[in-house]
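What the coordinates show
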Amino acid sequence: MASRPPVECPLCHTVVPAEQRLEDHLVGSHSKRTLAKFVVSETAALNEGDIA
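Numbering of residues starts from 1 in each chain and follows the order in which that chain's sequence is written. Owing to the predicted nature of the model, reporting of local features is limited to residues with pLDDT of at least 70; listing and counting of side-chain atom pairs is limited to 80 or more, with chain, interface and lining totals taken over all residues. Side-chain descriptors were evaluated using all non-hydrogen atoms of the structure, hydrogens and water having been removed beforehand.

Moving on to unusual backbone geometry. Positive phi, normally seen in glycine, also occurs at His13, with a value near 60 degrees. Strands are runs of DSSP state E lasting at least two residues, helices are runs of H or I lasting at least four, and both sets are numbered from the N terminus onward. Here His13 shows up in the loop between β1 (7–8) and β2 (15–16). You can call His13 exposed: its relative accessible area is 51%. For every residue, the accessible area obtained with a 1.4 Å probe (protein chains only) is divided by the maximum for its type, and the residue is called buried under 20%, exposed over 50%, and partly exposed between those limits.

Below you can see the structure in the form of structure tokens.
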């Protein structure tokens, strides 16, 4: 039986426990400002084609 790799938070690179959703981790562990900065940087990278 194939297993899924653990989900890792894209901000802090912590492995999110299987019983927790990534969304719940993001909301509970990161500030709005941190989340906003991540979204802005990812959007800029996509728009500039600077993503690997």
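For this document, the term salt bridge refers to a Lys or Arg side-chain nitrogen within 4 Å of an Asp or Glu carboxyl oxygen. Counted under the stated rule, the structure contains 2 salt bridges. We note a salt bridge from Glu23 to Arg21, for which the minimum N-O separation is 3.0 Å. The shortest N-O distance in the salt bridge between Asp24 and Arg21 comes to 3.5 Å. Judged by relative accessible area, Asp24 falls into the partly exposed class, the value being 38%. Through salt bridges that share partners, Arg21, Glu23 and Asp24 make up one connected network.

Purely geometric stuff here, so don't read any function into it on its own.
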